[in-house]
Amino acid sequence: MPSDRSRDEQTARQLRSEPGTLLERVAIAVFGFDEHDRICYWGPGAETLFGYDSEAVLSNPGAVLFPGPADGGTSGAAARLAGRGRNEGYWRGRVPARHRDGTVFDCGFRVFSVSGAAGRSVVMALASRSEELDRVKTNLAFLDALFETCPIGLVMLDEELRYVHLNQALADMDGLPIEAHLGRRMGEIMVTSDDGAYLRMLRAVATEGRTVAGTLVGMRTLGHPDRDQVRSVSFFPLSQAVGTRPGLGGLMVDVTDREQAIVEATAGRRRLALLDRATAKIGTTLDVNVTAGELVAAAVPDFSDASVVELVEWTDEPEVFNPELPLVTRRIAAGTVLPPPAGELVSGLEFVTYPPGSSIHEMLRTGRPVSVPVNEEFVTRTVVHQARARLLIDSGLTGILIAPLIARGTVQGLTMFGRSAARPAFTEQDLSLAGELASRAALCLDNARLYSRVQDIALTLQRALLPTALATSPHVQVAHRYVPGSHITEVGGDWYDVISLSGGRLALVVGDVMGHGVPAAAAMGRLRITAKALARHIQEPQDLLTELDACALDAGIDLATCLYVLYDPTTGHARLASAGHPPPLVLHPDGRVETVDDVLGVPLGVGGSPFLATDIVLPDNATLALYTDGLIEARGQDIDDGLEALRAELRRTADGPLEATADRILANLLPDPPGDDTVLVLARVRRAL
């Protein structure tokens, strides 16, 4: 049906008055006049309104529907109505109508012309009782006025708690336009700290028909994420209107000023929740950079708009803060949700120098967090470079909270939290929260720092004890690899050596001390050096292992494995003995892989068991593979499967370059990161002529 309103008016009216339109709320009669003003169409609603069935009126003059003579004449109401439809295209107005029982009632009409086949036209009429139209219009006008002018927030939700309709007052409370609400769930707009109790209450209204009156709820909204609000809310179920779905209606009043205690309690719960989340996130690894990043991630954006973590670059020991000297820090983590140039401000500099008298010096001197406004005084006292000062002024930050990172009496560094004008200024409670965050992070950072020192010691010791250069021979080509494990201190007791002996012979040794860290590295070094010294004086491999076992017992080394191979290029013979070590593999020139597992023996440090030796013949261009268990053992994998995978890798390139073969084996067999230390030694032999 054409409308006398513009499209914009229709949209606005429909938005305010939904759900349901006038046609959905009022009984409508639809009928039509032909070119002779006779009734040619009679809809079901017409029978209800006028009392005639279709047989009684079709093909009869339209005058039967109006008071006056039945024939109507040219001046009758039916003729005038049909004439307006033909001549004006569309007309609406009120005309008295007559029911079949003779009663006359005021009726509203809309008439318009419709062209039919063969150029014929029909005037269609829509009619409703005027009192029903007036009633619905009055109700809708009241609702429209209520939604437009009421200072209380009004909302209609569907059964899934999605916004169907709301007024401007509620949109202003939420800080979002009406259009940004429609179709979204209330949980996306309002954030509460009650573990979902508010949304569960609304679902009970929608599904169980409960009514809620005057309940106080603390919340923040998507449009005002940094403003705590308290609202008095009332909700009631909506009856199912024509063509609509069930849901609920609500009224909301902002009572934040009146209920400041609830605001403070809500803010306190939010701070505790932030602290709990931060505690779970910070310190998941023993990596300084990761720990600092976790602190920034915990603070932005829940607590601040920007954050940085900086470690102090001490020039010497002891690590004592001197407020009279400039302070140099290294920024290791940063983050912000503010637009440029805030990103460049927080992450565009690695080393930062703070002059004496800065707010950072004051904070470290007292050991307590401080909150400072970003103004000319702060920038002048704190920022050395003019370009950086301009970035800080233009960043949008209006306040900065600085907290020290102090653990075990040592100043680790500092962390800063910045807020823009869109957030409230830092409070005393925020200072306490920042201090707690910084304290926990500092302890994690100190653990990571101590771990790094232990790691450096262990790595330095291990590198010093592993061979820096292996013995060479024109008859043996060697490729060797050592890969540290990824757990604990990332170093362990795996070792290897190639020893040049008299008569052109060559000894290859691979061993593994159980355990990790400095003790394992120290034990490995003792065994490697001892084995190298014994190799020059003891001819038989089994005798060498016997002596090495005695040395392990004397040194208190509980458990270690070792494989000793003595190769003579003049004969092509290799004699070997094992102390509980994984068996060596021999890759023959024809691609066949042989496992030498005749003599496994018991590990070093056990004592009381003799060691045996076996001889094998190595043909020209045969490759001997020695390794530690880290290469074939993995969590959830059988060791035999790992050994078969190593055999398969060796078979892939029977005569390929050793260095490339070693790299491929490690890449294909080791997990990332590796779960244990791994040694691989590949030796390709040929006989002396």
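Before reading further, recall that the structure is shown in the block above.
If you're wondering where the values come from, they're calculated on a predicted model, not measured in any experiment.

Turning our eyes to something else, we now look at the packing of helix 20 (residues 639–652) against helix 21 (residues 658–669). As a packed pair, helix 20 and helix 21 sit with axes 10 Å apart at the nearest point and diverge in direction by 145°. Helix 21 is crossed by helix 20, and the crossing has right-handed handedness. Across from Ala645, Leu646, Glu649, Leu650 and Arg652 in helix 20, the residues of helix 21 making contact are Arg664, Ile665, Asn668 and Leu669. In terms of residue class, the contact of helix 20 with helix 21 is made up of five nonpolar, one polar and three charged.

Residue placement: Thr329 occurs in strand 13 (residues 327–336). Classification of Thr329 as buried rests on a relative accessible area of 0%. Residues Thr329 and Leu414, 85 residues apart in the sequence, show an inter-C-alpha distance of 8.6 Å. Those residues in contact with Thr329 that sit more than four places away from it in its chain are Glu310, Leu311, Val312, Glu313, Glu350, Phe351, Val352, Tyr354 and Leu414. A polar atom in the side chain of Thr329 sits 2.7 Å from the side chain of Glu310.

Below, the discussion takes up the pattern of salt bridges. A complete count under the given rule lists 28 salt bridges for this structure. Residues Asp158 and Arg162 are paired through a salt bridge, measuring 3.0 Å at the closest nitrogen-oxygen approach. The shortest N-O distance in the salt bridge between Asp497 and Arg528 comes to 2.9 Å. Here the residue Asp497 occupies a position in strand 19 (residues 492–500), and Arg528 occupies one in helix 18 (residues 518–535), the gap between them amounting to 31 residues. Neither Asp497 nor Arg528 differs from the other in exposure class; each is buried. The network of salt bridges with shared partners includes Arg481, Glu659 and Asp663.

Turning next to a nonpolar patch on the surface. Taken together, the side chains of Val454, Ile457 and Val518 present a nonpolar region at the surface, about 220 Å² in accessible area. Relative to the helices and strands, Val518 resides in helix 18.

Read across the open sheet, the five strands follow the order 19-20-21-22-25; overall the sheet is antiparallel. Where the open sheet ends on each side, the last strands, each with one partner, are strand 19 and strand 25 (613–617). Here the strands of the sheet are splayed against their neighbours by 15° on average, with no regard to which way each runs. Alignment of strand 21 (residues 560–568) against strand 22 (residues 573–579), held across seven bridges, turns out to be antiparallel. Its bridge partner being in strand 22, Cys562 is matched across the sheet by Ala579.

Basis of the calculations
Residues numbered from 1 in each chain as written. Predicted model: local features only at pLDDT ≥ 70, side-chain atom pairs only at ≥ 80, totals over all residues. Heavy atoms only, no water. Axes fitted to C-alpha atoms, helices over the stretch in contact; angles between N-to-C directions. Helix = DSSP H or I, 4+ residues; strand = E, 2+ residues; numbered from the N terminus. Left-handed = near helix turned anticlockwise from the far one by under 90°. Contact = heavy atoms within 4.5 Å. Nonpolar A, V, L, I, M, F, W, Y, C, P; charged D, E, K, R; others polar. Buried < 20%, exposed > 50% of the residue type's maximum accessible area, 1.4 Å probe, protein only. Polar contact = N/O pair within 3.5 Å; in protein donor to acceptor, adjacent residues only side chain to side chain. Salt bridge = Lys/Arg side-chain N within 4 Å of Asp/Glu carboxyl O. Patch = residues over 30% accessible without salt bridge, like charges linked within 9 Å, V, L, I, M, F, W, Y side chains within 5 Å. Areas by Shrake-Rupley, 256 points an atom, 1.4 Å probe, with all protein chains shown as cover. Pairing = 2+ DSSP bridges.

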